[in-house]
Amino acid sequence: MRVTRSENGLAVEIPADVAEALDLKEGDEVNLTVAAAPDVSGAEPFSDREKALEYIFSRRWKLPPGWKFDREEANER
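Residues numbered from 1 in each chain as written. Predicted model: local features only at pLDDT ≥ 70, side-chain atom pairs only at ≥ 80, totals over all residues. Heavy atoms only, no water.

Trainee: Which residues make up a negative patch on the surface, and what values go with them?
Mentor: Negative charge collects at one region of the surface, where Asp17, Glu20, Asp70, Glu72, Glu73 and Glu76 lie side by side. When contributions to the negative patch are tallied by element, the ones reaching two or more residues are helix H1 (16-21) and helix H3 (71-74). For Glu72, the position within the fold is in helix H3. (Patch = residues over 30% accessible without salt bridge, like charges linked within 9 Å, V, L, I, M, F, W, Y side chains within 5 Å. Areas by Shrake-Rupley, 256 points an atom, 1.4 Å probe, with all protein chains shown as cover. Salt bridge = Lys/Arg side-chain N within 4 Å of Asp/Glu carboxyl O. Lys, Arg positive; Asp, Glu negative; His and termini not counted. Charge placed at Lys NZ, Arg CZ, Asp CG, Glu CD. Helix = DSSP H or I, 4+ residues; strand = E, 2+ residues; numbered from the N terminus.)

Encoded structure:
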C-alpha cells in the first residue's frame, strides 16, 4: 500500500481488490492497529515464487479471494 500526504496528515491508498474484499466505500471509517513484526531472524530468502507462496499459505495468512501477486505491478512505483 502506498502512503501519500493529505491535507491533514497522511493517507493510505488501499488497492481496489482489498477494498472490495473488505466491502469498503469512500467515507467509511476504519481502525488501524499496530501489529508486532514477525520474527524473521535467520530466515533464508526464497529462490523461487512457488516456495514463497507455499510459505505464505503455510502461515495461514488470509488473502482476499482470487488474490494474485503481480511482480511487475508491485514494482511500478
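Trainee: So, the pattern of salt bridges: which residues are in play, and what are the values?
Mentor: Applying the stated rule across the entire model yields one salt bridge. Put simply, Lys25 and Asp23 hold a salt bridge, and the shortest N to O gap is 2.7 Å. Since its relative accessible area comes to 51%, Lys25 is described here as exposed. (Buried < 20%, exposed > 50% of the residue type's maximum accessible area, 1.4 Å probe, protein only.)

Trainee: Account for unusual backbone geometry, naming residues and giving values.
Mentor: Within the chain, Asp23 stands out as a residue other than glycine whose phi angle is a positive 55°. You can see Asp23 is positioned in the loop between H1 and helix H2 (49-58). Judged by relative accessible area, which is 52%, Asp23 ranks as exposed.

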